[in-house]
Amino acid sequence: MPSATRPELASHPPVHESSKDEATRFRATLAGLVGQPVGPAGGSVGPDPVNQAMIRHWVAAFEDRNPVYTDSQVAAASRFGGIVAPPLMLQTWLMATPKITGIAERGGSPVESDGSGPLAVFDEAGFTGTLASNSEFEIERYLHLGETISATTLIESISDEKQTRIGRGYFVTWVTTYLDEALAVVGRQRFRILKFKPGGAVA
Amino acid sequence: MRVGVSNKNLDWHGVKVGDALPPMVIDLTATRIVAGAIATRDFMPVHHDRSYANSQGAPDIFMNILSDTGYASRFLTDWAGPGAMLKKLAIRLGIPAFPGQTLSYTGRVTATKETADSGIVELEFKVTSELGDHLSGTAVLDLPLTRSHA
């Protein structure tokens, strides 16, 4: 990840009063986003229950031969009592079904948005690039086939503007809570992305 | 490829602070990056479309973070075996991973502790490529206390 450095206002020469006001207003807008939900109000529900087909696809991609993910006999005799999903597939179960048409024009956003999402303010201000930097999982239990998972996501913090290797931007941190059908927590994830103005080099 | 590792359970009693995990090496190709992106349902074009990646300032497509967590969990359970439960995993990305690179995974045990019915192991790990540090991370695993308790 690009290393974080100084906030813009501290590291730049004095700016014209009006653009300073603009920066202050933008900063206030961002402060208002903290605590706001990301994604659909009330949270999102995985489009498919935990299933062997997606697990098989996932373990093939990473060549993960752990038998508790695909071998029902080994899994039945294990502490898990049956096939379980790889624990870090948690995020995958909730990924939106993409609308492929126009995905590049939408900056990689899998679905069309009405422009009212909390992160739209970054795109409107030219911070159209998105790069993930941190992912932290806490797993309460592994998931079994047939379970439907839902999640709620709240913005936890937004950094000051930073100069990074790939351009100027803001680090946005959100926390997702993953729930089973009984609304018991099965895992939590803290995820950080950089919203940046494309133009620099990635490496 | 290490053969057979994923069917053997590691006994927590044999794990010591400072133990090194068996290294894992991934020769990264465009196919691996695309396979991981789609298996994790991440359709961001930077992970499958080179010209789009170029437009974002990247020299090529690069691995998505969901694939990074996927490979990391494989690295840990290849060592610990199918009886291990991953309790926590945290990664911080450094230099992106592009096709043609070799990713080298190394890790070590930083702490062990015993609870009523399980053995906890804390680890730190990192992934390096020809370009430098790709990521660093920490993890917590819950291991069976006896071999009979897979």
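Note: the structure precedes this text.
Quick summary incoming for the structure in this document. Worth saying up front: this structure is predicted, and the values here are computed from it rather than measured.

Things to note about the overall build of chain B
The secondary structure content of chain B amounts to 3 helices and 5 strands. Counted from the first residue to the last, chain B has its helices and strands arranged as β-α-α-α-β-β-β-β. Taken across its 150 residues, chain B has 55% of its residues classed as buried. Long-range pairs, those at least 24 residues apart, make up 69% of the contacts in chain B with a sequence separation of at least 6. Approximately 5900 Å² of chain B is accessible, and the part contributed by carbon and sulfur atoms is 55%.

Let's talk about the pattern of salt bridges
Residues and elements named next belong to chain A. Per the counting criterion, the structure on display carries 15 salt bridges over all chains. E161 is the salt-bridge partner of R168, the closest N and O atoms lying 2.8 Å from each other. The same class applies to R168 and to E161, which are both buried. What emerges from the salt-bridge pattern is a single network uniting E136, E156 and R190.

A closer look at helix α3 (residues 52–62) of chain A
Owing to its 3.6 residues per turn, the α-helix aligns residues three or four sequence positions apart on the same side. Along α3 of chain A, the residues classified as buried are Q52, M54, I55, W58, V59, A61 and F62 of chain A. For α3 of chain A, the elements touching its buried residues are α5 (90–93) of chain A together with α1 (30–39) and α3 (65–80) of chain B. Where α3 of chain A begins, the side chain of N51 of chain A points an oxygen toward the backbone nitrogen of A53 of chain A, at a separation of 3.2 Å.

Comments concerning the environment of E124 of chain B
Residues and elements named next belong to chain B. Structurally, the position occupied by E124 is in strand β4 (residues 119–129). With 17 residues separating them in the primary sequence, E124 and G107 have C-alpha atoms 5.5 Å apart. For E124, the contacting residues outside a window of four places in its chain are T106, G107, R108, T110, G137 and T138. Looking at E124, its side chain comes within polar contact range of the side chain of R108, at 2.8 Å.

Points about the interface of chain A and chain B
The interface of chain A with chain B comprises 53 residues on the first partner and 50 residues on the second. With both chains or domains summed, chain A and chain B bury close to 4400 Å², and 59% of this area falls on carbon and sulfur atoms. Inspection of the region where chain A meets chain B yields 2 salt bridges. Residue assignment for the side of chain A that touches chain B shows that the elements contributing at least two residues are α3, α5, β2 (129–139) and β6 (185–196) of chain A. Among the elements that take part in the side of chain A that touches chain B, β2 of chain A stands out by supplying 11 residues, more than any other. Within the side of chain A that touches chain B, the residues separate by chemical class into 29 nonpolar, 15 polar and 9 charged. Note that β2 of chain A and strand β2 (residues 85–93) of chain B share 5 bridges and pair antiparallel. Its bridge partner being in β2 of chain B, E138 of chain A is matched across the sheet by K88 of chain B.

Concerning the packing of α3 of chain A against α3 of chain B
Following both chains from N to C, one finds α3 of chain A and α3 of chain B inclined at 80°, their axes separated by 10 Å at the closest point. Viewed along their axes, α3 of chain A and α3 of chain B adopt a mutual orientation that is roughly perpendicular. Residue-level contacts link W58, A61 and F62 of chain A of α3 of chain A to L66, S67, G70, Y71, S73 and R74 of chain B of α3 of chain B. Residues that form the contact of α3 of chain A with α3 of chain B fall into these classes: 5 nonpolar, 3 polar and 1 charged.

Describing the environment of R92 of chain B
Mapped onto the elements of the fold, R92 of chain B is located in strand β2. When residues no more than four places from it in sequence are discounted, the contact partners of R92 of chain B are S133 and N134 of chain A together with H134, L135 and S136 of chain B.

What to know about the packing of aromatic side chains
Counted according to the given criterion, the structure contains 12 aromatic pairs over all chains. Taken together, a centroid distance of 4.8 Å and an interplanar angle of 70° make the contact between W58 of chain A and F62 of chain A edge-to-face. Linking W58 of chain A with F62 of chain A, this pair stays in helix α3, spanning 4 residues, or about one helical turn. Pair check on accessibility: W58 of chain A and F62 of chain A agree, each one buried. A ring pair is formed by F75 of chain B and Y105 of chain B, whose centres lie 5.6 Å apart and whose planes are at 45°; its orientation type is tilted.

Some thoughts on α3 of chain B
Helix length check: α3 of chain B, at 16 residues, gives a terminal C-alpha distance of 23 Å against a target of 22 Å (1.5 Å per residue), a fit within 8%. Burial analysis of α3 of chain B places 16 of its 16 residues in the buried class, which makes it a mostly covered element.

What to know about the side chain of K195 of chain A
Among the structural elements, K195 of chain A can be located in strand β6. The residues touching K195 of chain A, leaving out its near neighbours within four places in the chain, are F122, D123, F127, T128, G129, T130, R168, G169, Y170 and V172 of chain A.

Considering the nonpolar core
With 80 residues, the main nonpolar core has W93 and F122 of chain A together with L76, W79, L89 and L123 of chain B as its most contacted residues. When residues of this core are assigned to their parent elements, the largest contribution, 8 residues, is made by α3 of chain B. In contact with L89 of chain B, not counting residues within four places along its chain, are L88, S135, E136 and F137 of chain A together with T69, A72, L76, F125, T138 and A139 of chain B. Judged by nonpolar contacts, the second largest core, of 11 residues, contains F196 of chain A together with V46, A58 and F98 of chain B.

So, how was this worked out
- Residues numbered from 1 in each chain as written.
- Chains lettered and ligands numbered in written order.
- Predicted model: local features only at pLDDT ≥ 70, side-chain atom pairs only at ≥ 80, totals over all residues.
- Heavy atoms only, no water.
- Helix = DSSP H or I, 4+ residues; strand = E, 2+ residues; numbered from the N terminus.
- Buried < 20%, exposed > 50% of the residue type's maximum accessible area, 1.4 Å probe, protein only.
- Contact = heavy atoms within 4.5 Å.
- Areas by Shrake-Rupley, 256 points an atom, 1.4 Å probe, with all protein chains shown as cover.
- Salt bridge = Lys/Arg side-chain N within 4 Å of Asp/Glu carboxyl O.
- Polar contact = N/O pair within 3.5 Å; in protein donor to acceptor, adjacent residues only side chain to side chain.
- Buried area = accessible area lost by both parts, 1.4 Å probe.
- Nonpolar A, V, L, I, M, F, W, Y, C, P; charged D, E, K, R; others polar.
- Pairing = 2+ DSSP bridges.
- Axes fitted to C-alpha atoms, helices over the stretch in contact; angles between N-to-C directions.
- Parallel < 35°, antiparallel > 145°, perpendicular 65-115°, else oblique.
- Phe/Tyr/Trp six-rings, centres within 6.5 Å; stacked < 30°, edge-to-face > 60°.
- Expected span 1.5 Å × (residues − 1).
- Core = buried A, V, L, I, M, F, W, Y, C linked by side-chain atoms within 4.5 Å.

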